[in-house]
Amino acid sequence: MSLPRPRLIACDLDGTLLDSQKLMSPRLTSLLEHLMAQGIFFVPATGRSLYSVPDNVRTLTGLTYLITSNGAACDCLSPAKRLFTESLPTALLKELYAAFAVRPTVITEVFIDGRAYLAEENYNHIAELYPDPVIQTYVRTTRTPVPDLGAFLKAHPDGIENMNFVFLEPKERQQALDELKQDDHLTVTSSSQRNLEITNSAATKGHALGRLCQTLNIDPNEVWTFGDSPNDADLLTFTPYSFAMENAHPAVASLANHQAPSCNADGVYQILSQLEISH
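One structure accompanies this document, and this report is about it. (Residues numbered from 1 in each chain as written. Predicted model: local features only at pLDDT ≥ 70, side-chain atom pairs only at ≥ 80, totals over all residues. Heavy atoms only, no water.)

### Description of the pattern of salt bridges
Step number 1: This structure, assessed with the given rule, holds 12 salt bridges.
Step number 2: For Lys205, the salt bridge identified is with Asp12, shortest N-O distance 3.0 Å. Residue Lys205 is found in helix α9 (residues 205–216), and its partner Asp12 is found in the loop between β1 (8–11) and α1 (26–37); the two are separated by 193 residues along the sequence.
Step number 3: When its relative accessible area of 4% is taken as the criterion, Asp12 is described as buried.
Step number 4: We note a salt bridge from Arg58 to Asp55, for which the minimum N-O separation is 2.8 Å. On the criterion of helical spacing, the pair formed by Arg58 and Asp55 is a turn pair, its members being 3 residues apart in helix α2 (residues 55–58).
Step number 5: Judged by its relative accessible area of 24%, Arg58 is partly exposed. (Salt bridge = Lys/Arg side-chain N within 4 Å of Asp/Glu carboxyl O. Helix = DSSP H or I, 4+ residues; strand = E, 2+ residues; numbered from the N terminus. Buried < 20%, exposed > 50% of the residue type's maximum accessible area, 1.4 Å probe, protein only.)

Listed below in structure tokens is the structure:
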């Protein structure tokens, strides 16, 4: 592969590093740890909250930094500390809750301090709300149920990293997207055809990656990025060395300068193993 060797690799998780069953191959695990041992930073950049990142990713030997909540948070794992957070303004949080969370056709999740919370009423009906068994397992294992989400937000008005709305009606989602896109104080993106992920306007994966690279004194030309969904858009425009997965959303695929095989074909491994072979 005739590309310069990166100093940092930033990679989305679901649909990119992880396959459609949300698994990472053993050979990819070994390769990532080998590359980190050689001094290359590997940085997961995900819409998930910190503690929703799979253990086998968070415990990769050599992993130091994680970008989570679509760029609303960046953590150092060793020593453990949060580098920065871009939380939703309290006033906007109240408006969003009043506009969407009260609807029976919308499932609302909130991320704070690296954890994801969901109303107990929705948590108890996961099998009915999420037809895909893989998603059911993901939600059960990564969301913490609370008796009253509204009361929870009143008790925690500051530090909300992300509000995730899952729409049961596609038309309603499109209407919400059109409306929310008009607000310059928000970043509105998605990682599936059912959801909208709302963060502070300064919270995007690309913006967070830029801040981290400044901290590490790494130029964008020394970075490789991988992604597949709309929430990876500015991750893929951050550097000339960007890879859209074969399974990527069409609008996202056009933003990347290179293509990787599908996540189900271990596409990230296929690209990075060529890097290892060619150097």
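Right, picking up where we left off after that structure.
### Thoughts on the sheet that holds strand β12 (residues 223–227)
Step number 1: The strand order β2-β1-β12-β13-β14 describes an open sheet built from 5 strands, whose pairing is parallel. Each end of this open sheet is capped by a strand with a single partner; those strands are β2 (41–44) and β14 (258–260). Averaged over all pairs of adjacent strands, the angle between strand axes in this sheet comes to 20°, irrespective of strand direction.
Step number 2: By the bridge criterion, 4 bridges tie β1 to β2 in an arrangement that is parallel. (Pairing = 2+ DSSP bridges. Axes fitted to C-alpha atoms, helices over the stretch in contact; angles between N-to-C directions.)

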